[in-house]
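# Coordinate analysis (summary)
Now for the letters of each chain:
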Amino acid sequence: MTKGRIAFQGELGANSHEACVAAFPQMEPVPHATFEEAFEAVKTGDCQLGMIPVENSIAGRVADVHHLLPSSGLKIIGERFKPIHFQLMVNPGVSLEEVEVATSMPIALGQCRKTIRRLKLRAEPVGDTALAAKLLAANPDRSRAAISPALSAELYGLEILVRDIEDEHNNTTRFLVMTADKDPPPPPFTAPCVTSFIFRVRNLPAALYKALGGFATNGVNMTKLESYMENGAFTATFFYAEVDGRPEDRGLARAFEELQFFSERFEILGVYPADPFRAHAGR
């Protein structure tokens, strides 16, 4: 019996790789160059699950992912909140005084700006945090360092000079766990749940206002509502939303009924247990 495979976007050693190891230590993490390829690996059965980042507490929404979710045919079965920490790593034996350049993906460089400035380093972008570490290991250079997750140093034989160099220590990324199972087992009724769905309102006056009214009147807490255009058409605006609860809850069932009356498309993307981090973060 195989232990199963879980797809993620990025190089081995990336934050998504760390998230896979933390949440599913028994599964084999499988890297993919793009989100499309990671989704496809789950869809075809090459991987049983996918670990996909959707938003960061500092950088905001992860581009492209919301566009891919509705057409992927995948279901969301879980969420994971991961604190993000970046390490300044070098080839073995290199001292901090020798380092002149720090390489990483642009978002990571931006999130470590204060430390880079304090150390008087020149920032140089590459496509992925773990790729920065991989390239440094393959091409040793005493004047260069990589900004990458700790797992990268372990995988590529680098030494960490300065730990946790991110400017904001509450830096957190939210991941969604995806499956190709069209009808995954429902989460236990003892667990607080989140329901993710998409919809597109009908072309009627105040349709969005009316479509969302049922959530307020039925006491449903909507935690996310984001719009995005489909196929570049300004007239075809989709909405991605998340609410507390599960579709069979009386209040949410009524709210969905009202939503669908004013919508021309509605689809539930997943019902899954809320990560305990939500309750902790709300304090």
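Presented here is an overview of the structure given in this document. Keep in mind it's a predicted model, so treat the numbers as computed, not measured.

About the thresholds
- Residues numbered from 1 in each chain as written.
- Predicted model: local features only at pLDDT ≥ 70, side-chain atom pairs only at ≥ 80, totals over all residues.
- Heavy atoms only, no water.
- Helix = DSSP H or I, 4+ residues; strand = E, 2+ residues; numbered from the N terminus.
- Buried < 20%, exposed > 50% of the residue type's maximum accessible area, 1.4 Å probe, protein only.
- Areas by Shrake-Rupley, 256 points an atom, 1.4 Å probe, with all protein chains shown as cover.
- Lys, Arg positive; Asp, Glu negative; His and termini not counted.
- Charge placed at Lys NZ, Arg CZ, Asp CG, Glu CD.
- Phe/Tyr/Trp six-rings, centres within 6.5 Å; stacked < 30°, edge-to-face > 60°.
- Lys NZ or Arg CZ within 6 Å of the ring centre and 35° of its normal.
- Contact = heavy atoms within 4.5 Å.
- Arc of directions from axis to C-beta.
- Polar contact = N/O pair within 3.5 Å; in protein donor to acceptor, adjacent residues only side chain to side chain.
- Pairing = 2+ DSSP bridges.
- Axes fitted to C-alpha atoms, helices over the stretch in contact; angles between N-to-C directions.

This brings us to the overall build of the chain. Tallying secondary structure elements over the chain gives 10 helices and 15 strands in all. For the chain, the C-alpha atoms occupy an extent of roughly 65 × 45 × 40 Å along the three principal directions. In the chain, which comprises 283 residues, the share counted as buried stands at 47%. With an accessible surface of roughly 14000 Å², the chain has 54% of that area assigned to carbon and sulfur atoms. Across the chain, the 29 positively charged side chains and the 35 negatively charged ones have centroids separated by 4 Å.

Attention now moves to the packing of aromatic side chains. Per the stated rule, a full pass over the model turns up nine aromatic pairs. Ring centres of phenylalanine 215 and phenylalanine 256 lie 6.1 Å apart, and the angle between their planes is 80°; this geometry places the pair in the edge-to-face category. Linking phenylalanine 215 in helix H8 (residues 207-217) with phenylalanine 256 in helix H9 (residues 250-261), this pair joins segments that are 41 residues apart in sequence. Accessibility expressed as a relative area gives 4% for phenylalanine 256, which makes it buried. Cluster of aromatic residues (ring-pair linked, three or more members): Phe197, Phe199, Phe215, Phe239, Phe256 and Phe266. Between arginine 246 and the ring centre of phenylalanine 189, over which it is positioned, the NZ or CZ distance is 4.5 Å.

Our next topic: the environment of glycine 251. Within the secondary structure, glycine 251 is located in helix H9. A C-alpha to C-alpha distance of 41 Å links glycine 251 and alanine 108, two positions 143 residues apart in sequence. Those residues within four positions of glycine 251 in sequence are excluded, and the remaining contacts are Asn218 and Val220.

What follows concerns helix H6 (residues 129-138). All of the buried residues along H6 are Thr129, Ala130, Ala132, Ala133 and Leu136. Projection of H6 onto a plane perpendicular to its axis shows the buried side chains occupying an angular sector of 155°, all on one side. Its buried side turned inward, H6 meets strand E6 (87-90), strand E7 (101-104), helix H4 (106-111), strand E9 (144-148) and helix H7 (150-156). For H6, the N-terminal cap is aspartate 128; the gap from its side-chain oxygen to the backbone nitrogen of alanine 130 is 3.0 Å.

This part takes up the sheet that holds E7. The strand order across the open sheet built from five strands is E8-E7-E9-E6-E10, with neighbouring strands paired in mixed fashion. The open sheet terminates on both sides in strands that have one partner only, identified here as strand E8 (122-125) and strand E10 (159-162). Recorded for the sheet is a direction-independent mean angle of 40° between the axes of neighbouring strands. Across the sheet, H6 touches E6, E7 and E9, and the angle it forms with E9 is around 150°.

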